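# Summary of structural features
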Amino acid sequence: MTEKMYMRRPYQRTFTARVVSQAKTDSGWEAVLERTLFYPTSGGQPHDMGRLGGVAVVDVLERDGEIVHRLAGGPLPRRVKGELDWDRRFDHMQQHTGQHILSQAFEQELGLHTVAFHMSRDVTTVDLDTASLSPEQVAQAEDLANRVAFEDRPVRSYFVSSAESAEMDLRKLAARQGDVRIVEVEAFDRIPCGGTHCRRTGEVGLIKVIRWERRGAETRVEFVCGGRALADYRWKNRALYEAADALSTRAHELPQAVAKALADRDALWREMEDLRQQLLDYEAAALTAHAEPAGGVQVVRAVFADRKPDELKWLAQRITAAAPRVVLLGSKGEKGHMVFARSAGVNADAAVLLRLAAAAVGGRGGGRPELAQGGVPPDRLEEAIDAALRGLTDGG
């Protein structure tokens, strides 16, 4: 069994220890020491990182009571010096202690229990046993959590027997037998926990809920503490003022300015769409007027340098609605596209014509007798439409 130094000395940053065993595995070198400060991934808290004998520790896990250090290289000497990545350790201490405080705040203020906890690189989450949570409720719990943090209360950890823990007023019962480690925020929270924690709540700093979302019968709450809260505030404050400057408004008036900008944009889009529809009507009329006979029907043929497929379709539908016509339209663009159509009562099949055009140049497509579309190589678009015209002349 590895001596878990991190349980009793979370602020210690370096140590020396004897290497009990080591081996090269498919995952790289692994080493077990007689004792360690490195916390293994457990209970929602990620593992510590640092160096052993100058070799980077990339992962730490617990296996049958032993703390296994996965290394970037090896082997290690028989006795090594261990050095923690202190910034990572202290960040985890802030987040985990803050989680205890925030979970108890939700418990006390709203009667909501934490059913899961997870700490990632950027945020920490707790899952609460409720399907709904209002901004007012979140602020209520957040206010209490920050009062406790600002009061700089002591945070203690100690071991008791499982029988003793059963008699204690705990936020959550111990899940194990034998010695149970209790983490206690003075006069506020007491819970079994094996993680690393700050010695006082003031070290946690600001506790800020970022967002929350429903997940079935539960709600997941994302929050940040201490250094993460500062980093989060910093980029959001910068983004706020940059956006305000871009809209020539003051920061506290940004929501109204954004709403107005979006309303103006929507109005411009509607106006632009109306003008585009009018332009398509004029264009359809001009194309209709220049129809030429082929195979006993009037045919409108046009190839555009770069036209969106939906615009080709709209033009075809306008032309066929205005007068008895067969329409053969194409656009080269990045990908060649064809739209064929016929008016009601015209003796032609747009789908058959499109298949003839596609087959002639190795394209593909399909549709209905009144409207069909497909794709062809852009440089062979004219050739494809010629094939459709021949098919129409031959009775297609």
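Relevant structure appears above.
Notes on the structure follow. What you are looking at is a predicted structure, and each value in this text was computed from that prediction instead of being measured.

### Focus on the overall build of the protein chain
On a plain count of helices and strands, the protein chain comes out with 9 helices and 21 strands. Radius of gyration (C-alpha) of the protein chain: 35 Å, far over the 21 Å computed for a compact globule of 396 residues. Counting only C-alpha atoms and orienting by the principal axes, one finds that the protein chain spans roughly 100 × 55 × 40 Å. Counting all 396 residues of the protein chain, 44% fall into the buried class. Within the protein chain, residue pairs in contact and separated by at least 24 positions form 60% of the contacts whose partners lie at least 6 positions apart. Carbon and sulfur atoms make up 51% of the accessible area of the protein chain, which totals about 20,700 Å². Each charge class in the protein chain was averaged separately, 54 positive and 57 negative side chains, and the resulting centres sit 4 Å apart.

### Details of the sheet that holds strand 5 (residues 50-52)
Here 6 strands make up a closed barrel; going around it, the order is 2-3-7-6-5-8 and the pairing antiparallel. Shown here is a sheet whose adjacent strand axes are inclined to one another by a mean of 45°, direction ignored. As defined by bridge partners, strand 3 (residues 28-33) adjoins strand 7 (residues 66-71) across 4 bridges and the pair is classed as antiparallel. Paired with Ala 31 across the two strands is His 69, which belongs to strand 7.

### What about the sheet that holds strand 11 (residues 155-161)?
Strand order across the open sheet formed by 3 strands is 11-12-13, with antiparallel pairing between neighbours. With one partner strand each, in any of the chains shown, strand 11 and strand 13 (189-192) form the two edges of the open sheet. Mean inter-strand twist for the sheet, computed between neighbouring axes without regard to direction, equals 25°. Across the sheet, helix 2 (residues 86-110) touches strand 11, strand 12 (179-185) and strand 13, and the angle it forms with strand 13 is around 115°.

### Focus on the environment of Asp 189
The topology assignment puts Asp 189 in strand 13. Look at Asp 189 and you get buried, because its relative accessible area is 3%. For the pair Asp 189 and Gln 108, spaced 81 residues apart in sequence, the C-alpha separation works out to 9.9 Å. Within the local environment of Asp 189, its side chain forms a polar contact with the side chain of Gln 104, the two groups lying 3.2 Å apart.

### Points about the pairing of strand 9 (residues 114-119)
Relative to strand 10 (residues 124-128), strand 9 runs antiparallel, the two being bridged by 5 bridges. Note on strand 10: the bridge partner recorded for Met 119 is Thr 124. Between strand 9 and strand 10, which pair antiparallel in sequence order, lie 4 residues.

### Structural notes on the side chain of Glu 30
Mapped onto the elements of the fold, Glu 30 is located in strand 3. Here Arg 63 takes part through its side chain, which lies 3.4 Å from a polar atom of the side chain of Glu 30. A polar side-chain atom of Glu 30 sits 2.9 Å from a polar atom in the side chain of Arg 70. Aside from chain neighbours lying at most four places away, what touches Glu 30 is Ser 21, Gln 22, Ala 23, Thr 25, Arg 63, Val 68, His 69 and Arg 70.

### Observations concerning the packing of aromatic side chains
For the structure shown, the criterion picks out 4 aromatic pairs. The interplanar angle of 80° and the centroid separation of 5.2 Å between the aromatic rings of Tyr 6 and Tyr 39 together place this pair among those described as edge-to-face. Of this pair, Tyr 6 sits in helix 1 (residues 5-8) while Tyr 39 sits in the loop between strand 4 (35-36) and strand 5, and the two are 33 residues apart along the sequence. Of the two residues examined, Tyr 6 and Tyr 39, each falls in the buried class.

Definitions and cut-offs
Think of each chain on its own: its residues are numbered from 1, step by step along the sequence as written. Only residues with pLDDT of 70 or above have their local features reported here, since the model is predicted, and side-chain atom pairs are shown and tallied only from 80 upward, although totals for entire chains, interfaces and linings are computed over all residues. Hydrogens and waters are ignored; side-chain quantities use all the structure's heavy atoms. Only DSSP runs of H or I reaching four residues or more are called helices, and only runs of E reaching two or more are called strands; each is numbered from the N terminus. The atom set for the radius of gyration is the C-alpha atoms, and the globule formula is 2.2 Å times the number of residues raised to the power 0.38. Partly exposed residues are those whose accessible area sits between 20% and 50% of the maximum for their type, while under 20% is buried and over 50% is exposed, using a 1.4 Å probe and protein chains only. Two residues form a contact once any of their heavy atoms are found within 4.5 Å. The Shrake-Rupley method, run with a 1.4 Å probe, gives the accessible areas here. Residue values count only the displayed protein chains as cover. The positive count covers Lys and Arg only, the negative count covers Asp and Glu only, and His and the chain ends enter neither. Charged side chains are reduced to one point each, which is NZ for Lys, CZ for Arg, CG for Asp and CD for Glu. DSSP-based pairing: two strands are paired if at least 2 bridges between them are found. The axes are straight lines fitted to the C-alpha atoms, using for helices just the contacting stretch, and the angles between their N-to-C directions are given from 0 to 180°. Residues adjacent in sequence count toward polar contacts only when both atoms are side-chain atoms; beyond that, a polar contact is any pair of N or O atoms within 3.5 Å, and within protein one must be able to donate a hydrogen and the other to accept it. Put simply, two rings from Phe, Tyr or Trp (the six-membered ring, in Trp's case) pair if the centres are within 6.5 Å, and we call them stacked under 30 degrees between planes, edge-to-face over 60, tilted for the rest.

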